[in-house]
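# A closer look at the structure
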Amino acid sequence: MKEKLISLVVPMYCENEVARECYKRLKKVMQENNISHEILFVNDGSKDNTLNILEEIAAEDKKVKVISFARNFGHQIAVTAGIKKATGDAVVVIDADLQDPPELIPDMLKLWQQGYHVVYGQRKKRRGETWFKLTTAKYFYRFLNKMTEVDIPVDTGDFRLMDRRVVDVFNSMPEKNRFIRGMISWIGFKQTALMYEREERFAGETKYPLKKMLKLASDGILSFSFKPIKWIEGTGLVVILLGILLMLYSGISWVRGTVSSIPGWLWLMVLLSGIHLFALGIIGEYLVRIYDEARRRPLYTVEKEINIE
Ligand code: UDP
Ligand code: MG
């Protein structure tokens, strides 16, 4: 294993309670298994003293590299920045909170040496998470899988090993609203799962409140599926047919002099304006993302880099 360099990418947002322990656990696994490595910590605009801790670690260990964002850009962007700066033959992305056990990295490396280009951690079990998170996540992954043409594995987060070939393709993908697990599936090559049990957070609270979860979920669906637009088309057609039938019915009734107007027009109007607004909203979601791409802003701004040439 000595000749190959392994890069570990760890995003951190306000992780002062776990940063040091995270470094210790990662380092221990790397040393015990004699793996030559670098560790890239990405400080995603933390409001606590995460950066100070990382600076201290990087001062003692030159294998530790730090990229520090000028503000919070979000988990997916932080991971992207780390992967971009990684120089290893393989890159492992892992959360800072030790929910993904670093002890699994040697197993991932074994599969890599057997010829797999991507080894993704697939969760059999998740400990210490709320009922809400477990259920929404479970159904989201299954829903997403049904929606998309690329096969995005269920119950898979961003804990994964990627071969240099995959990393190079990933680095060439400039999209802004990133759903990394989908992008990696899209890239292809030989991919395999490593089943594991997700631990509880080592300390601190989740940095993924509902708002960030929803953004990630909508990016997953909207960047990998055009089905919502197809649904609008389908619903629109059905509604038009319904409208034509009602029109004929009211015309005939009027000629026969049975009724002067269609009863129930009110609910119909409300229903229709609802459908229209919803449809516009979905189109808007795509449009906003197209606009976002078209502006061609950089993905993030870096305030500071440590130990990076
Ligand atoms: N994270 C980040 N930026 C953010 C939110 C989270 O870099 O805006 C990092 C966080 O520090 C952690 C990882 O992303 O290393 C996953 O976050 P968290 O553990 O809070 O999510 P959960 O496991 O609860 O889904
Ligand atoms: Mg976590």
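Computed from a predicted structure; not experimentally measured.

## Some remarks on the overall build of the protein chain
Of the regular secondary structure elements, the protein chain holds ten helices and eight strands. Viewed in the frame of its principal axes, the protein chain has a C-alpha envelope of about 90 × 40 × 35 Å. In the protein chain, which comprises 309 residues, the share counted as buried stands at 30%. Within the protein chain, counting contacts between residues at least 6 apart in sequence, those at least 24 apart form 85% of the total.

## Focus on the UniProt feature "transmembrane region" (unreviewed entry) in the protein chain
Mapped onto this numbering, the UniProt entry annotates "transmembrane region" (unreviewed entry) at residues 231-252 and 264-288. Between the end C-alpha atoms of residues 231-252 the distance is 32 Å, and the span holds 100% helix and 0% strand.

## What to know about the environment of Glu-175
Positionally, Glu-175 belongs in the loop between helix 6 (164-171) and helix 7 (180-187). Take Glu-175: there are 14 C-beta atoms within 10 Å of it, and that puts it in the partly exposed class. Counting along the chain gives 85 residues from Glu-175 to Ala-90, while the straight-line C-alpha distance between them is 22 Å. Once residues lying within four places of it in the same chain are set aside, the contact partners of Glu-175 are Ser-223 and Glu-293.

## So, the site of ligand 1
With respect to spatial proximity, 16 residues lie near ligand 1, and among them Pro-11, Tyr-13, Ala-96, Thr-206 and Lys-207 are the closest. Among the elements of the structure, strand 1 (6-12) and helix 3 (75-85) are those that each provide at least two residues to the shell around ligand 1. Partitioned by chemical class, the residues of the shell around ligand 1 number six nonpolar, five polar and five charged.

## With respect to the sheet that holds strand 8 (residues 302-306)
Here eight strands make up an open sheet; going across it, the order is 7-5-6-4-1-2-3-8 and the pairing mixed. The outermost strands of the open sheet, each flanked by one partner alone, are strand 7 (191-198) and strand 8. Each adjacent strand pair in this sheet contributes to an overall mean axis angle of 20°, direction not counted. Across four bridges, the pairing between strand 5 (residues 118-126) and strand 6 (residues 156-163) is antiparallel. The residue of strand 6 that forms the bridge with Val-118 is Met-162. Of the strands in this sheet, strand 1, strand 2 (37-43), strand 3 (64-69), strand 4 (90-93) and strand 6 touch helix 3, which is tilted by about 155° from strand 1.

## Looking at the UniProt feature "domain: Glycosyltransferase 2-like" (unreviewed entry) in the protein chain
UniProt's entry tags residues 7-167 with the feature "domain: Glycosyltransferase 2-like" (unreviewed entry), counted in the numbering of this structure. Overall, residues 7-167 shows 41% helix and 25% strand. The separation of its end C-alpha atoms is 11 Å.

Calculation notes
Residues numbered from 1 in each chain as written. Chains lettered and ligands numbered in written order. Predicted model: local features only at pLDDT ≥ 70, side-chain atom pairs only at ≥ 80, totals over all residues. Helix = DSSP H or I, 4+ residues; strand = E, 2+ residues; numbered from the N terminus. Buried ≥ 20, exposed ≤ 12 C-beta atoms within 10 Å, placed from the backbone. Contact = placed C-beta atoms within 7 Å. UniProt positions renumbered as here; feature names shortened; annotations may be inferred. Near = placed C-beta within 6 Å. Nonpolar A, V, L, I, M, F, W, Y, C, P; charged D, E, K, R; others polar. Pairing = 2+ DSSP bridges. Axes fitted to C-alpha atoms, helices over the stretch in contact; angles between N-to-C directions.

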